[in-house]
Structure formats: C-alpha cells, structure tokens
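Residue-level listing of the chains:
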Amino acid sequence: MSDPETIFKACGDTTRLRILALLQGNELCVCEIEAALSLSQPNASRSLTILKNAGIIQSRKQAQWTYYKISDDFAAAFPDLSKALEKICAGLPTTNADKALLQKLREMHSSTPCDES
C-alpha cells in the first residue's frame, strides 16, 4: 500500500478523479473508461497506472482486456479516506454526465464494447 503522499498526488488530477468516480461501485473495462470519458488509450493507461501504483485501484485481466475497480485493500487500509474520496468524486461537476454516458454506452452494447472487438 502506498503512503498518503503518493495517494494524494494520484488524486490530484481531474481525469483520475473522473475515473475514480466511474469506478465507485463498478468494475469497468478500460475500453468503457476510455469511451465514457472520451480519453485516448495512452491518456487512460497513464492515469490508470498512476492510480494503480498508488494502490487506489486494482486490475484483472480477462483475455486481452483489463478490468479495473477500487482496490479492496485501499478501502480497508484507509476507510475514512476512501469514503471522503467517494464524496469528492460524487460532487465533481462531470460525474453525473460521465455516469449517464457510461450507462448509455452500456445500453447500446448488451455487454461491454470490449466483448465485440
């Protein structure tokens, strides 16, 4: 688990906060994150790597795709910070629009867009 300085640095970027907002209560494929936030693959990967290296998110591979979620270890090690981060992310001006777009993308695809590639 990372130290608090690394965690706070990782959370000090709007794109990374938007990713965390989408991941609240969700496990998402990288392609869903890219599509919902209109991120290029390099930008998404860079942000996800920083969050993962800070111990805030965890990933798993399935075939050629990577799925991300909030790390169980992070929530257990920093329960108060985890709850505060959840509130911060919920209060971002972009959160509702990002989640609405994610929902629309999911409705357009019966499964994740990754499954169709």
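Quick note: structure is the one above.
Reading guide: rules and limits
Residues numbered from 1 in each chain as written. Predicted model: local features only at pLDDT ≥ 70, side-chain atom pairs only at ≥ 80, totals over all residues. Heavy atoms only, no water. Helix = DSSP H or I, 4+ residues; strand = E, 2+ residues; numbered from the N terminus. Rg over C-alpha atoms; globule rule 2.2 N^0.38 Å. Buried < 20%, exposed > 50% of the residue type's maximum accessible area, 1.4 Å probe, protein only. Contact = heavy atoms within 4.5 Å. Areas by Shrake-Rupley, 256 points an atom, 1.4 Å probe, with all protein chains shown as cover. Core = buried A, V, L, I, M, F, W, Y, C linked by side-chain atoms within 4.5 Å. Salt bridge = Lys/Arg side-chain N within 4 Å of Asp/Glu carboxyl O. Pairing = 2+ DSSP bridges. Axes fitted to C-alpha atoms, helices over the stretch in contact; angles between N-to-C directions.

**Q** How would you explain the overall build of the protein if you had to name every residue and give the values?
**A** The helix and strand tally for the protein stands at seven helices and three strands. Relative to its length of 117 residues, the protein is compact, with a C-alpha radius of gyration of 14 Å against a globular reference of 13 Å. The C-alpha extent of the protein, read off along each of the three principal axes, is 40 × 30 × 25 Å. The buried share of the protein, taken over its 117 residues, is 42%. For the protein, long-range pairs separated by at least 24 residues make up 66% of all intrachain contacts whose partners lie at least 6 apart in sequence. Total accessible area computed for the protein in this model is approximately 6,500 Å², and 51% of it derives from carbon and sulfur atoms.

**Q** I'd like a rundown of the nonpolar core, residues and numbers included.
**A** Counting residues in each nonpolar core, the largest one holds 33 residues, and the members touching the most others are Ile19, Leu20, Leu23, Ile33, Ile56, Ile57 and Leu85. If you list the elements that add at least two residues to this core, you get helix 1 (4-10), helix 2 (14-23), strand 1 (28-29), helix 3 (30-37), helix 4 (41-53), strand 3 (65-70), helix 6 (79-90) and helix 7 (95-108). Setting aside anything within four residues of it in sequence, one finds Leu85 in contact with Cys11, Leu17, Leu20, Ile56 and Phe74.

**Q** Describe in detail the pattern of salt bridges, supporting the description with residues and values.
**A** In this structure the tally under the stated criterion is five salt bridges. Here Glu5 ties to Lys9 by a salt bridge, and the two come within 3.3 Å at their closest N and O atoms. Of this pair, Glu5 and Lys9 both sit in helix 1, four residues apart, roughly one helical turn. With a closest N to O distance of 3.4 Å, Asp72 and Lys69 form a salt bridge. The class of Asp72 is partly exposed, set by a relative accessible area of 46%. Lys69 gets classed as partly exposed once you look at its relative accessible area, which sits at 25%.

**Q** Describe the environment of Leu17, naming the residues involved and giving the relevant values.
**A** Tracing the sequence through the fold places Leu17 in helix 2. Among all residues touching Leu17, those that are not within four sequence positions of it are Cys11, Leu85, Cys89 and Leu92.

**Q** Before we move on, can you summarise the sheet that holds strand 2 (residues 57-62) with the specific residues and values?
**A** One open sheet holds the three strands; their spatial order is 1-3-2, and the pairing between them is antiparallel. The sheet terminates laterally at strand 1 and strand 2, the two strands that pair on one side only. Along the sheet, helix 2 contacts strand 1, strand 2 and strand 3; its crossing angle with strand 3, the most-contacted strand, is approximately 85°.

By themselves, these figures tell us nothing about what the structure is for.
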